[in-house]
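# Observations on the model geometry
The residues making up each chain are set out below.
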Amino acid sequence: MYTIGLFLGSTEDSYGQNILRGIHNAFRDQPARLLCFTSGSLRSYHGFEAQRNVLYRMVDRDSLDALIITGAISHHISSTDLQGFCADYYPLPLVTIEIAVDGVPGVQIDNRSGMKELMEHVLASHRYKQFFHLAGPRSQQEADIRREEFAAAMEARDLEIPPGHIIEGDYTIESGLSAAADLADRIVPGESVIVCANDSMALGLMEGLRERGFSIPDDVAVTGFDDSIDAQYAEPPLTTVRQSTVQLAEKGARLALDLVEGRVEPGDASIKVPAKFILRQSCGCAPESPELMRNVAEELAGDSDARIRLSMERKLNQLRLLSEALITSIRLPDVLDVLEYELPQLGISSCYLSIFEDPSRESRQSRLLFKQRNAVREPLPPAGVRFDTTMLLPGGIASLGDEDRVVIVEALYSKDEKLGFAVFITDRYASALTGTIRSLLSGALQAVLLLDERRRHEKQLLDYQQRLKDSNIKLVNTLASLQSAQEQLAQSEQMAALGELVAGVTHDLRTPLGTAYTAATHLRSRGVELQRKFVAGSMTKSNLEDLLSLLDETGEILSSNLERAELLLDSFKTVAADQTGGQRRRFRLREYLDKVILSLKPQWKKYRVVFHIEGDEELDLNSLPGAISHILATLIMNSLRHGIEPDQEANISISFFREDEQVTLEYRDSGKGIPGDLAGKIFDPFFTTARERGGTGLGLNIVQNLARTVLGGDITLENPGEPGALFRLKMPMEGLAQSPEDQVLGS
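Residues numbered from 1 in each chain as written. Predicted model: local features only at pLDDT ≥ 70, side-chain atom pairs only at ≥ 80, totals over all residues. Heavy atoms only, no water.

## Regarding the overall build of the protein
A count of helices and strands for the protein gives 20 helices and 25 strands. Sorting the 747 residues of the protein into buried and exposed places 51% on the buried side. Accessible surface computed for the protein: about 33,700 Å², of which carbon and sulfur atoms make up 49%. (Helix = DSSP H or I, 4+ residues; strand = E, 2+ residues; numbered from the N terminus. Buried < 20%, exposed > 50% of the residue type's maximum accessible area, 1.4 Å probe, protein only. Areas by Shrake-Rupley, 256 points an atom, 1.4 Å probe, with all protein chains shown as cover.)

## Concerning the pattern of salt bridges
When charged atoms on two side chains of opposite charge get close, those side chains can pair. Scanning the entire structure with this criterion turns up 33 salt bridges. Between D594 and R590 there is a salt bridge, and its shortest N-O distance comes to 3.5 Å. Taken together, the positions of D594 and R590, both in helix α16 (residues 589-599) and 4 residues apart, correspond to about one turn of that helix. Taking relative accessible area as the criterion, R590 reaches 19% and is therefore assigned buried. In this structure, R728 and E718 form a salt bridge, with 2.9 Å as the shortest nitrogen-oxygen distance. Here E718 lies in the loop between β24 (714-717) and β25 (726-732) and R728 lies in strand β25, a separation of 10 residues in the sequence. (Salt bridge = Lys/Arg side-chain N within 4 Å of Asp/Glu carboxyl O.)

## Some words on unusual backbone geometry
Note that the residue after Y90, namely P91, is joined by a cis bond; omega there is 5°. Geometrically, the link from I216 to P217 is a cis peptide bond, its omega value of 10° lying close to zero. In this fold, P217 is placed in the loop between α6 (199-211) and β9 (220-223). The backbone of D158 sits at a positive phi, close to 55°, despite the residue not being glycine.

## Some words on the sheet that holds strand β20 (residues 608-614)
Adjacent strands of a sheet form backbone hydrogen bonds with each other and so pair up, either parallel or antiparallel. The strand order across the open sheet built from 5 strands is β20-β22-β23-β25-β24, with neighbouring strands paired in mixed fashion. Looking at which strands have only one partner, the edges of the open sheet turn out to be β20 and β24. Strand-to-strand, the axes of this sheet are offset by a mean angle of 15°, without reference to chain direction. Strand direction decides the pairing type here: strand β23 (residues 662-669) and β25, joined by 7 bridges, are antiparallel. Each residue of the ladder has a partner; that of L665, found in β25, is L729. Contacting β20, β22 (649-659), β23, β24 and β25, helix α18 (residues 625-643) crosses the sheet at an angle of about 20° to β23. Running over the sheet, helix α19 (residues 699-710) touches β24 and β25 and is turned about 140° from β24. (Pairing = 2+ DSSP bridges. Axes fitted to C-alpha atoms, helices over the stretch in contact; angles between N-to-C directions. Contact = heavy atoms within 4.5 Å.)

## A short note on the pairing of β9
Residues of β9 alternate between two faces, with V220 and V222 on one and A221 and T223 on the opposite face, all of them buried. Summarising the sheet, strand β8 (residues 192-196) and β9 pair through 4 bridges and their orientation is parallel. Following the sheet pairing, V193 is matched in β9 by A221. Handedness of the crossover is the feature at issue here: the chain leaves β8, passes through α6, returns alongside β9, and the resulting connection is right-handed. (Right-handed = clockwise from strand over helix to strand, strands pointing away.)

## So, the pairing of strand β4 (residues 94-97)
Along β4, one buried face is formed by L94 and T96 and the opposite face, lined by V95 and I97, is buried too. For the crossover from strand β3 (residues 66-70) across helix α2 (residues 79-87) to β4, the handedness is right-handed. In this structure, β4 lies alongside strand β5 (residues 106-109), joined through 2 bridges in parallel fashion. Counted as the bridge partner of T96 is G106 from β5.

## Some details on empty space enclosed by the protein
Counted by the stated rule, this structure contains 2 cavities of 30 Å³ or more. In this model, the largest cavity occupies a volume close to 50 Å³. As for the largest cavity, its lining consists of L593, I628, I631, L632, L635, L665 and L729. The element contributing the most residues to the lining of the largest cavity is α18, with 4 residues. Tallied by class, residues from the lining of the largest cavity come to 7 nonpolar, no polar and no charged. Quantified by volume, the second largest cavity comes out at close to 30 Å³. Every residue lining the second largest cavity is listed: S74, I77, S78, S79, L82, I99, S139, Q140 and Q141. (1 Å grid on protein atoms, 1.4 Å probe; cavity = no way out; pocket = protein on both sides within 12 Å on 5 of 7 lines; lining within 4 Å. Points joined across faces, edges and corners; volume = space filled by probe spheres on them. Nonpolar A, V, L, I, M, F, W, Y, C, P; charged D, E, K, R; others polar.)

## With respect to the side chain of T240
With respect to the secondary-structure elements, T240 resides in strand β10 (residues 240-242). What makes T240 buried here is its relative accessible area of 0%. Within polar-contact distance, the side chain of T240 engages the side chain of D199 at 2.8 Å. Within polar-contact distance, the side chain of T240 engages the backbone nitrogen of D226 at 3.3 Å. In this view, T240 contacts L118, D199, G224, F225, D226, D227, K276, F277, I278 and R280; residues no more than four positions away in its chain are not counted. (Polar contact = N/O pair within 3.5 Å; in protein donor to acceptor, adjacent residues only side chain to side chain.)

## Description of the confidence of the model for the protein
Interpretation of this model should avoid reading the predicted coordinates in detail wherever pLDDT is low. Per-residue pLDDT for the protein averages 82, and the proportion of residues at 70 or more is 84%. Note on residues 570-581: pLDDT under 50 across the span, and 30 contacts to partners over four residues away in sequence or across chains. Between residues 739-747, whose pLDDT stays under 50, and residues either more than four places distant or in other chains, the model counts 24 contacts. (pLDDT = per-residue confidence, 0-100.)

## Let's talk about the nonpolar core
Counting 76 residues, the largest nonpolar core has L6, I23, F27, I68, L353 and I437 as its most contacted members. Beyond its immediate chain neighbours, meaning those up to four positions away, L353 contacts L336, L339, R367, L368, L369, F370, L412, F421, A422, L441 and L445. (Core = buried A, V, L, I, M, F, W, Y, C linked by side-chain atoms within 4.5 Å.)

Given below as structure tokens:
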């Protein structure tokens with residue numbers, strides 16, 4: 001049994017069905033099986049058709065005896081690209097249908113003679129004065145030939161083609177509709193004819209022109225090329241050129257068998273099939289024309305497939321039932337149960353359904369989830385059967401029986417996400433339904449996979465919430481100890497201990513606890529946000545992945561900082577504090593700044609740094625000195641740790657001045673400065689360039705929170721990318737009523 005592959009855009013349209021019909025005729029008495037990949041047009045830009053191109057990469061050359069490539073897949077690529085595409089499948093014997101590729105035998109319609117005959121009729125039998133050509137894609141073989149013949153016929157009669165009278169389309173109805181909008185204002189009624197490169201564009205053009213008030217052919221004549229079923233029953237019937245797709249496919253399939261059995265050599269010349277001019281009414285010929293009547297009689301006598309087409313209508317209702325059943329299926333077993341019952345009703349007795357090992361993308365491994373042979377479903381493990389994707393099914397195509405003569409492979413996808421594929425074993429007539437089944441099944445699978453993913457995320461979210469709850473309990477206990485220590489500090493009467501408190505609390509105790517609390521608060525807010533999205537049904541996979549990543553990082557921060565806090569708590573309780581440090585009070589800013597710098601002397605005395613303070617010594621503030629102390633201490637320590645080297649002579653300048661009811665304080669050091677690309681991140685929580693040295697990335701974030709929520713002002717970096725860091729703090733003369741702990745720690 002030979003296995004002959006076929007690249008076909010789709011089995012749903014009349015073109016695809018005629019291709020299958022011709023191959024069926026050729027294989028009727030031959031030991032040959034057809035393996036059809038409905039792989040869509042290469043690089044198509046229509047919707048998500050290009051997603052089906054994945055099937056081109058799933059061909060196992062060792063499982064095929066020959067490969068037939070149809071012209072429908074080449075509408076969006078050049079002849080050069082097509083040549084390279086075919087080369088990817090050498091040395092497999094290849095046959096082309098409709099298209100010519102150097103070194104590849106094939107069967108083509110005689111486009112030149114057909115287009116020449118049509119143009120001869122348009123030019124000789126009518127008296128049109130305005131000629132347009134709606135062409136196919138440039139560099140596409142058939143489109144180029146038809147464009148050349150249009151131009152040659154015009155030139156032979158010394159007729160000029162004005163600029164803009166050749167419009168490029170893409171063989172689709174949509175491009176015909178677009179051309180109608182473009183041409184409507186240029187058509188001279190009663191004098192114009194539009195020669196289209198195929199029937200689909202001609203039908204779209206006719207529809208678009210009728211919508212704009214044109215009568216065909218009275219106002220404008222239209223011709224096509226192909227002679228599709230729709231062209232025959234158009235209103236008016238379309239004058240066109242018949243290329244017998246059935247005959248092309250039959251000859252192409254026989255040529256493939258001849259190659260396999262050695263009756264012809266791969267380099268033998270291609271076969272030309274004559275085209276036939278079909279006269280109907282759209283070109284302007286009268287209905288009673290003798291030639292037109294002869295064509296109508298031939299068409300009625302030759303439509304031997306009409307009853308078969310009508311019989312397909314009975315299956316449309318079955319497709320509706322399949323659609324309704326899949327829409328209501330919310331679990332994968334439900335979807336598979338629907339297939340088990342409905343597919344045989346549609347004439348598809350055997351089906352293999354597989355998804356990619358990683359459903360978010362195509363992969364080399366797939367899992368078979370559903371197998372039905374001769375209307376009998378075979379049991380599979382719950383996780384499916386794993387196999388190499390290019391085999392198409394476990395055991396490969398060779399495992400099928402000789403009775404399996406028509407095998408259709410359909411890609412399953414949802415927009416940009418590749419899901420898997422289905423292999424249908426059917427007859428030629430039921431094959432027209434596989435594309436519709438593919439669409440319905442893709443939608444159902446995507447919904448099921450999303451629901452499964454949502455259930456997994458729900459469990460991860462519950463686990464995360466429990467971990468967050470445990471961390472919060474530990475944090476609350478630690479904060480309770482801190483509050484107790486703060487109460488003891490508030491009772492201290494030794495103002496001289498202020499320097500030790502700021503240095504110790506800020507950098508030894510408040511830093512880890514503030515870091516831990518800020519991290520947990522940030523994490524909790526992100527969790528609440530995600531929970532709200534989950535309840536609203538708008539949660540995405542990336543939302544959860546971002547939160548899980550944040551959870552890992554925050555857990556590490558909580559653990560390390562809480563351990564440091566517990567170890568330092570005993571020593572922290574012995575440190576005296578400024579009794580009014582957590583309350584608003586009136587103080588002189590210059591005097592207070594001197595005390596803060598003095599208290600930090602143990603930290604900066606090993607550096608060669610000189611402090612300069614400028615400002616009105618009489619300036620009074622009614623604010624929270626503890627917040628100002630924290631901000632200034634953080635800026636000084638950051639300068640020492642990140643901007644100034646121990647052996648470097650450096651200056652730190654602090655200036656302040658009053659503007660109406662606000663005070664502006666500027667802090668500048670002579671260090672190396674902050675790079676411009678980091679300026680937008682320095683106030684972000686957890687951003688640090690010194691994580692390996694124990695930095696948490698919360699120092700400036702807390703500074704910004706103090707400036708905004710405690711002092712009622714703001715702090716900014718004024719000179720990113722320049723030497724020396726310049727920060728500007730603005731705050732009102734009358735501060736807020738709440739304490740720093742209330743504002744920042746949320747207690």
